[in-house]
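# A structural walkthrough
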Amino acid sequence: MNSTISLLSQLVTRDSDESQMTDIELDNAQYGYIPSESVAILFLVLYGISTVLHIGQSFYFRLWWLLPTAALCGVGELVGWGGRLWSSFSPREDTPFIIQISTTILAPTPLLAASFMIMSRLIQRLGSSYSWLTPSWYTRIFLPCDIIALVVQGVGGGIASSADDQAGAEQGAQVMLGGIGFQFAVIIIFSILALDFTTRYLLDRPVRRADSSSTSSRKPMTPRLKVMSIALGFSTVVLFIRSVYRLIELNDGWNGRIIETEVYFNVLDGGMVVLAIFTLNFIHPGVFLNAEPQLPSAYTSPSEIKLRSQESV
């Protein structure tokens, strides 16, 4: 793990020959720099591995909702970083620049939807009486919000890519900024609710009292559920960091210092999404959200035993 981080830190800096670009070359480059070929290849390899793993894991565990979420995120990132690799050879071309700016903004949105699904299942496993929202309402509220954010960002990307002048491109950027801002607000609300649920569960302070025979009563935090909860928190934090970066980047404009600094993008966008998507490969819901067989105890009611046997099937 340390060697991977060390390799990444070495590759996120610009190649020495790129630092010697002339002012004319910089003016003609779409990015304000020439994207690093080595960094693009590194991220293509990482996203390729994660995407293949997510597709295989989705079929193996029969968790089909991971295909349009985590796997789709990986595919989108592959397209985006493919565009950046193309730009490393043709930095003046419009097409690869448009491909990468659109897809790298949109791609992490489905991955956030996976977080909503996982949180819903954690609440179902641990006790919905500790949550302000029931498990079903997590998906009913946050998934449509995620889709809205995706559509708004996509519309903004379309406006920017079809613009004939700088004013049109800036208008598209503002629309994308609105979509990212909306998504950022959703992440904050989701994080507050998730933190509130976790705190209430740990302190045994439910929002509402459940009947002792109800499946919404408090259930034990098993080691696997604890690991899954930590993984979800970590994934949400890195996606939050990435959203902050994107907000600042687009607000700074197409010719701002943030968007024209490659290392910021490599670390705060590419790096953060890599951490989030690989977290779900290593701490996979198919393993860590599966119901664990347990003997009847003081925590377990007959209805809970029946429910767990059904979930394990």
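Residues numbered from 1 in each chain as written. Predicted model: local features only at pLDDT ≥ 70, side-chain atom pairs only at ≥ 80, totals over all residues. Heavy atoms only, no water.

### A word on empty space enclosed by the protein
- Tallied over the entire structure, the rule returns three cavities of 30 Å³ or more.
- Lining the second largest cavity, in full, are Gln30, Tyr31, Tyr33, Arg84, Phe97, Gln100, Ile101, Tyr245, Glu249, Trp254, Ile259 and Phe265.
- Elements supplying a minimum of two residues to the lining of the second largest cavity: helix H5 (94-106) and helix H9 (223-251).
- Per-element tally for the lining of the second largest cavity: the top contributor is H5, with three residues.
- Taken together, the residues that form the lining of the second largest cavity break down as eight nonpolar, two polar and two charged. (1 Å grid on protein atoms, 1.4 Å probe; cavity = no way out; pocket = protein on both sides within 12 Å on 5 of 7 lines; lining within 4 Å. Points joined across faces, edges and corners; volume = space filled by probe spheres on them. Helix = DSSP H or I, 4+ residues; strand = E, 2+ residues; numbered from the N terminus. Nonpolar A, V, L, I, M, F, W, Y, C, P; charged D, E, K, R; others polar.)

### Re the pattern of salt bridges
- On inspection of all chains with the given rule, the structure shows four salt bridges.
- Measuring nitrogen to oxygen at the nearest pair gives 2.9 Å for the salt bridge that ties Asp269 to Arg246. Pair noted here: Asp269 is in helix H10 (residues 262-282) and Arg246 is in helix H9, with a separation of 23 residues, a long-range link.
- Judged by its relative accessible area of 0%, Arg246 falls in the buried class.
- A network of salt bridges, in which partner residues are shared, links Arg242, Arg246, Glu249 and Asp269. (Salt bridge = Lys/Arg side-chain N within 4 Å of Asp/Glu carboxyl O. Buried < 20%, exposed > 50% of the residue type's maximum accessible area, 1.4 Å probe, protein only.)

### Things to note about the UniProt feature "transmembrane region" (unreviewed entry) in the protein
- When the UniProt feature table is mapped to this numbering, "transmembrane region" (unreviewed entry) covers residues 38-56, 63-82, 97-120, 141-160, 180-203, 224-243 and 263-283.
- The span residues 180-203 carries 100% helix and 0% strand; its end-to-end C-alpha distance comes to 34 Å.
- The distance from the first to the last C-alpha atom of residues 263-283 is 28 Å, and the span holds 95% helix and 0% strand. (UniProt positions renumbered as here; feature names shortened; annotations may be inferred.)

### Considerations on the nonpolar core
- By size, the foremost hydrophobic cluster in this structure holds 54 residues, and its most contacted members are Leu111, Ile118, Met119, Tyr138, Phe142 and Met228.
- Here the element with the most residues in this core is helix H6 (residues 108-126); it accounts for 10 residues.
- Membership of the second largest hydrophobic core comes to 16 residues, among which are Ile101, Ile105, Ala173 and Leu177. (Core = buried A, V, L, I, M, F, W, Y, C linked by side-chain atoms within 4.5 Å.)

### Comments concerning H6
- The terminal C-alpha atoms of H6, which comprises 19 residues, lie 27 Å apart, in line with the 27 Å expected from a rise of 1.5 Å per residue.
- Burial runs high along H6: 17 of the 19 residues are buried.
- A positive phi of about 130 degrees marks Gly127, the residue just after H6. (Expected span 1.5 Å × (residues − 1).)

### As for the confidence of the model for the protein
- Of the residues in the protein, 80% have a pLDDT of 70 or more, and the chain-wide mean is 82.
- Mean pLDDT across the secondary structure elements of the protein bottoms out at helix H1 (residues 2-11), with 44, and peaks at helix H3 (residues 37-61), with 97.
- Every residue in residues 293-313 scores below 50 in pLDDT, and together they form 25 contacts with partners more than four places removed in sequence or on other chains. (pLDDT = per-residue confidence, 0-100. Contact = heavy atoms within 4.5 Å.)

### Some remarks on the packing of H5 against H9
- Running from amino to carboxyl end, H5 crosses H9 at an angle of 140 degrees, the nearest separation of the two axes being 11 Å. For the element pair H5 / H9, the angle class is oblique. In the packing of H5 onto H9, the handedness of the crossing is left-handed. Along its contact with H5, which presents Ile101, Thr104 and Ile105, the element H9 presents Arg242, Arg246 and Leu250. (Axes fitted to C-alpha atoms, helices over the stretch in contact; angles between N-to-C directions. Parallel < 35°, antiparallel > 145°, perpendicular 65-115°, else oblique. Left-handed = near helix turned anticlockwise from the far one by under 90°.)

### Digging into the environment of Leu143
- Inspection of the secondary structure assignment puts Leu143 in helix H7 (residues 135-162).
- The partly exposed category is assigned to Leu143, whose relative accessible area is 23%.
- On a C-alpha basis, the gap between Leu143 and Ser115 in space is 10.0 Å, while along the polypeptide they are 28 residues apart.
- Beyond its immediate chain neighbours, meaning those up to four positions away, Leu143 contacts Ala113, Phe116, Met117 and Tyr138.

### Quick word on a nonpolar patch on the surface
- On the surface, Ile188, Ile192, Val237, Phe240 and Ile241 cluster together into a nonpolar patch covering about 390 Å² of accessible area.
- Listed by contribution, the elements that provide at least two residues to the nonpolar patch are helix H8 (166-203) and H9.
- Sorting elements by how many residues they give to the nonpolar patch places H9 first, with three residues.
- Tracing the sequence through the fold places Ile192 in helix H8. (Patch = residues over 30% accessible without salt bridge, like charges linked within 9 Å, V, L, I, M, F, W, Y side chains within 5 Å. Areas by Shrake-Rupley, 256 points an atom, 1.4 Å probe, with all protein chains shown as cover.)

### Section: unusual backbone geometry
- With phi around 60 degrees, Arg62 is a residue other than glycine that occupies positive phi space.
- What makes Arg62 exposed here is its relative accessible area of 63%.
- Although it is not a glycine, Asp204 sits at a positive phi angle of roughly 55 degrees.
- By secondary structure assignment, the location of Asp204 is in the loop between H8 and H9.
- For Asp204, a relative accessible area of 37% gives the class partly exposed.

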